[in-house]
Each structure stands twice: as C-alpha cells, then as structure tokens.
Amino acid sequence: AQSVTQPDARVTVSEGASLQLRCKYSYSGTPYLFWYVQYPRQGLQLLLKYYSGDPVVQGVNGFEAEFIKSNSSFHLRKASVHWSDSAVYFCAVSAPGYQNFYFGKGTSLTVIP
Amino acid sequence: EAAVTQSPRNKVTVTGGNVTLSCRQTNSHNYMYWYRQDTGHGLRLIHYSYGAGNLQIGDVPDGYKATRTTQEDFFLLLELASPSQTSLYFCASSEIANTEVFFGKGTRLTVV
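Reading guide: rules and limits
- Residues numbered from 1 in each chain as written.
- Chains lettered and ligands numbered in written order.
- Predicted model: local features only at pLDDT ≥ 70, side-chain atom pairs only at ≥ 80, totals over all residues.
- Heavy atoms only, no water.
- Helix = DSSP H or I, 4+ residues; strand = E, 2+ residues; numbered from the N terminus.
- Buried < 20%, exposed > 50% of the residue type's maximum accessible area, 1.4 Å probe, protein only.
- Pairing = 2+ DSSP bridges.
- Contact = heavy atoms within 4.5 Å.
- Buried area = accessible area lost by both parts, 1.4 Å probe.
- Salt bridge = Lys/Arg side-chain N within 4 Å of Asp/Glu carboxyl O.
- Axes fitted to C-alpha atoms, helices over the stretch in contact; angles between N-to-C directions.

Engineer: Residue-level account of the overall build of chain A, with values.
Structural biologist: Summing up its helical and strand segments, chain A has 0 helices and 12 strands in all. Ordered by position from N to C terminus, the α and β elements of chain A give β-β-β-β-β-β-β-β-β-β-β-β. Overall, chain A is about 45 × 30 × 20 Å in size when its C-alpha atoms are taken along their principal axes. Every one of the 113 residues in chain A was classed for burial, and the buried ones make up 45%.

In structure tokens:
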C-alpha cells in the first residue's frame, strides 16, 4: 500500500531564509507526486506535480521539488521564503492505475517577518 | 480554473442528526472525492466517484454514505451523526483518476 510521511509537523523560518519541507513515500514503482498548499480557511491548491522526466520540477511562487527515487523522497524547496508563504503544506502520492491519492499529514510552515 | 463549490460552509448538528453536505464542480470532471481533514491525520478519503451513479469506497467510509446524482453533483450523507464525525470536509474533483485534484473550500461540521 502507498503511504506518505512528512516528518516535520511544524517548521518555523525567518523571512528570506531558504526552506526545505521533507516528504517520503512508500511505493515500489515510480509514483505520481504532488505538493499542495492550504492557506487559512481555504481548500488545498496545487503547488507542483511530478509524473515523469526531469526529477526537479518547478512550481508556483518559486517553489521546486526534487524526486529522488533511491531515497523515496520528494522534498519541497524554496530559496527565499516570504511571510505570505505561511500555510500548511501537504505532500501526496498516486500512481498509474490508482484511482485516488494518499496525503501526508501536512507540515505547518510559519515564516517570521 | 476548475471550480468546486461546497455548501454549507459551516454546519452544526446534534448527535443522531441527519446531515447532507453538497458539492458541485463546473468543469465536467469525471472524478469527485470526499475527504475529511483532522489534526494529526491529514486528509483521509471517505468516498469517491468516477461518474454519475458510480460510488467507490475510500479509506474511512464507516458512518458515511455518498451519492453522485449528476456529473457535477456529489453529496455526502451522515444519517446518524456522531461527535467523532466533527471535522473539516473537503470535496475535490479531477479529470482523470490520478492527476491534479481541485479542492473546494471545505465544510466545517460540528456534531454536538
């Protein structure tokens, strides 16, 4: 069965600092991978997705993620965070032939001005 | 931009009460999903559907029914609500099964 682990429930960084949010998945093949962001009182919005090809994918607002198959990881990165990046970030996994997604428990990011 | 609209946005009901949560998507997506979001659990799939009249069981279906009446409309039914069903519920849709999912803004349900 598939699963997703986000080991950090909360992360706090200063504005302008770099960011990495960790995500590890469990799946034997090559998965489809996603990062979503949830702002307060909003639904989840897609940041970026990986299906195949270049393992580094670019998303919105300067976010990127790298698929490392050997490590079963899909960490989210941003070079310089802004206070408006404060939100909850979810990693999700699916796969060819699957009909749904598995979400991690989320990482709450707080950016200190 | 895909649009997924949930109603109501907030609902309070009593234990044993009957609740229906509604979801409409306006992009003719085939797949629709109901999730619940709880602290410490993330998002958990309740039911999903790949077309009108179809229903598939998700990971946490107990206590919930769902019905997909049209391509656009997907309902979640709690016929005997319990306090354990107090949660934030999200509806979502996608064109095909395992691609990008579009979420509604959520319905906060409180069972007292």
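Engineer: Now, about the pairing of strand β8 (residues 64-68) of chain A: what can you tell me, with residues and values included?
Structural biologist: Residues and elements named next belong to chain A. Every second residue of β8 is oriented toward a common face, the buried set being Ala 65 and Phe 67 and the non-buried set Glu 64, Glu 66 and Ile 68. In this structure, strand β7 (residues 56-58) lies alongside β8, joined through 3 bridges in antiparallel fashion. When the bridges of β8 are listed, Gln 58 appears paired with Glu 64. Hairpin connection between β7 and β8: a loop of 5 residues separates the two successive antiparallel strands, and Asn 61 in this loop has a positive phi of roughly 55°. Counting the residues between successive antiparallel strands, the hairpin from β8 to strand β9 (residues 73-78) contains 4 residues, one of them, Ser 72, with a positive phi of roughly 50°.

Engineer: Can you tell me about the interface of chain A and chain B, naming the residues and giving the values?
Structural biologist: Every contact between the two is made by 24 residues of chain A and, on the other side, 23 residues of chain B. Both sides of the chain A and chain B interface together cover about 1800 Å² of buried area, and 52% of this is carbon and sulfur. Area buried by chain A at its contact with chain B is led by A:Gln99, A:Phe101 and A:Phe103, which between them contribute 33% of it. Counting every contact that joins chain A to chain B gives 1 salt bridge.

Engineer: Give me the lowdown on the sheet that holds strand β1 (residues 4-7) of chain B, citing residues and values where you can.
Structural biologist: Residue and element names in this part refer to chain B. Taken together, the 4 strands give an open sheet; going across it, the order is β1-β3-β8-β7, and neighbouring strands pair in antiparallel fashion. The open sheet terminates on both sides in strands that have one partner only, identified here as β1 and β7 (65-68). Taken pair by pair, the neighbouring strands of this sheet meet at an average axis angle of 15°, ignoring direction. One ladder, built from 4 bridges, connects β7 with strand β8 (residues 73-78); its direction is antiparallel. Bridge assignment links Ala 66 to a residue of β8, and that residue is Leu 76.

Engineer: Describe the pairing of β1(B), naming the residues involved and giving the relevant values.
Structural biologist: All names here are of chain B. Of the two faces of β1, only the one carrying Val 4 and Gln 6 is buried; Thr 5 and Ser 7 on the other face are not. Here β1 pairs with strand β3 (residues 19-25) via 4 bridges, running antiparallel. Paired with Val 4 across the two strands is Gln 25, which belongs to β3.

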